[in-house]
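Understanding the architecture of this molecule
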Amino acid sequence: MATGYDLYPKEKLGEYGYGQIPDVIDSLTFERMLAPNGPTKGRILRPSDGKVPKEMVFIQCVASRDPNRYMPYCSRICCMYTAKHATICKEQIPDGQPYIFYMDIRSDCKGYEEFVQKTIEEKGLLYLRGRVSRVFQDDGKVRVLGVDTLTGRMVEIAADMVILATAVVPSHGVKDLAAKLRATVDRYGFLTEAHIKLYPVESSTKGIYLAGCGQSPKDISDTVSQALATASKIQALLSSDKLLQDPLIAFVEEGICSGCGICVEICPYEAREMNERRKISIVHQALCQGCGACVASCPNFACELRNGRSGQILNMVETYLETR
């Protein structure tokens, strides 16, 4: 599952003037503008009148790291692509001035911090630590009101163009796809791994693997590394003639199964089926993931996990307590 990402819906960012002020755009729109085959053939031009902008304001953490109104998590890629965009602006428009409003600069990978410092020292990028409170249009300019928390002063910039580094969010429809494949998602809609350290590219369902920003915000190098790990896992899965199953799979004590069907309804992997002739529940071992939902729901205690029966667990607990 490599579902990618979307940006936070821009129509919900009214305080930044997006949709109302033509010269307020998001980072992907600006990235497309810089492309040689883009709408402006790589030239930086204002959307409103096609003129070259001189004063450009980049606003980071738009809808990110804001638990009260938007997304509480960091989108990770914004700091570095904003530094890249601002550097290209300075190279293409030497007499222009890029301003960057930021909360914290998170340059946490190899060579990233050096790149940011180089852009500040050699390109003259101006970083302003603080939130932007308002963006509005006045007399042909886009006025940006903010605060520099390092100096404690209010800042007002009459900009020609404003670029928003908006939050990375899961792609539209990923929850529906995850439900079909029986993969789990977190409260934001990102796909979740089985274990953050032991199984970082595997979902809770065997045979379903994760890669890219569908799991969480990632930059290109992390995405490539994870994709290679996922490909290796799939190659290992398909390289054997036999499919190995986890020993913790469910089974039914047929003598005490009443055939109520509760375990069939509650199984999230559809590994249960009713034998209508014998009136008991049966387990499809290839589909069972050993989650234990059937064990907890069975009113007759007919469901157990092979190699993990209740009696075995209690014996382990008693042994542990005796050795304390």
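Residues numbered from 1 in each chain as written. Predicted model: local features only at pLDDT ≥ 70, side-chain atom pairs only at ≥ 80, totals over all residues. Heavy atoms only, no water.

A closer look at the packing of aromatic side chains
- Taken as a whole and judged by the stated rule, the model has five aromatic pairs.
- Here Y73 and Y188 contribute two aromatic rings whose centre-to-centre distance is 5.2 Å and whose plane-to-plane angle is 65°, an arrangement assigned as edge-to-face. Separated by 115 residues along the polypeptide, Y73 in the loop between strand 3 (55-62) and helix 2 (78-92) and Y188 in the loop between helix 4 (174-181) and helix 5 (220-238) bring together distant segments of the chain.
- Put simply, the rings of Y73, Y188 and F190 pair up and form one aromatic cluster.
- Seen from the ring of Y199, K206 lies directly overhead, with NZ or CZ sitting 5.5 Å from the centre. (Phe/Tyr/Trp six-rings, centres within 6.5 Å; stacked < 30°, edge-to-face > 60°. Helix = DSSP H or I, 4+ residues; strand = E, 2+ residues; numbered from the N terminus. Lys NZ or Arg CZ within 6 Å of the ring centre and 35° of its normal.)

Concerning the sheet that holds strand 7 (residues 141-148)
- Here we have three strands laid out as an open sheet, ordered 6-7-8, and antiparallel in their pairing. The open sheet has two edge strands with one neighbour each: strand 6 (132-138) and strand 8 (153-159). Between one strand axis and the next, the sheet turns by 20° as a mean value, whatever way the strands run.
- Where strand 7 meets strand 8, seven bridges bridge the pair, whose relative direction is antiparallel. When the bridges of strand 8 are listed, V144 appears paired with I157. (Pairing = 2+ DSSP bridges. Axes fitted to C-alpha atoms, helices over the stretch in contact; angles between N-to-C directions.)

Some thoughts on helix 3 (residues 112-123)
- The end-to-end C-alpha distance of helix 3 is 16 Å, a good match for the 16 Å that twelve residues give at a rise of 1.5 Å each.
- Taken from the residues just after helix 3, G124 is the one with a positive phi, measuring 75°. (Expected span 1.5 Å × (residues − 1).)

A short note on the state of the cysteines
- For the structure shown, the criterion picks out zero disulfides.
- You can see C260 has no disulfide; the closest cysteine sulfur is in C298, sitting 6.0 Å from it.
- Residue C260 is classed as partly exposed on the basis of its relative accessible area of 43%.
- The closest cysteine sulfur to the non-disulfide-bonded C291 is located on C267, 5.9 Å from its own sulfur. (Disulfide = S-S within 2.5 Å. Buried < 20%, exposed > 50% of the residue type's maximum accessible area, 1.4 Å probe, protein only.)

Concerning the nonpolar core
- Within the largest apolar cluster, 27 residues are counted, with the highest numbers of intra-cluster contacts made by V57, I59, V135 and V162.
- Membership of the second largest hydrophobic core comes to 19 residues, among which are I25, M33, M56 and I93. (Core = buried A, V, L, I, M, F, W, Y, C linked by side-chain atoms within 4.5 Å.)

Some words on the packing of helix 1 (residues 27-34) against helix 2
- Contact geometry for helix 1 and helix 2: axes closest at 11 Å, N-to-C directions at 40°. The orientation of helix 1 relative to helix 2 falls into the category oblique. As helix 1 packs across helix 2, the resulting crossing turns out to be left-handed. On helix 2, the residues touching S27, F30, E31 and L34 of helix 1 are Y81, K84, H85, I88 and C89.
- Classifying every residue of the contact of helix 1 with helix 2 gives five nonpolar, two polar and two charged. (Parallel < 35°, antiparallel > 145°, perpendicular 65-115°, else oblique. Left-handed = near helix turned anticlockwise from the far one by under 90°. Contact = heavy atoms within 4.5 Å. Nonpolar A, V, L, I, M, F, W, Y, C, P; charged D, E, K, R; others polar.)

Quick word on the packing of helix 2 against helix 3
- Running from N to C, helix 2 and helix 3 point in directions that differ by 30°, and their axes come no closer than 10 Å. When the axes of helix 2 and helix 3 are compared, the pair comes out roughly parallel. In this structure, helix 2 meets helix 3 at a crossing whose hand is left-handed. Within the contact between the two elements, helix 2 uses M80, A83, K84, T87, K90 and E91 and helix 3 uses Y112, F115, V116, T119 and K123.
- Classifying every residue of the contact of helix 2 with helix 3 gives five nonpolar, two polar and four charged.

What is shown is where atoms sit, not what they do.
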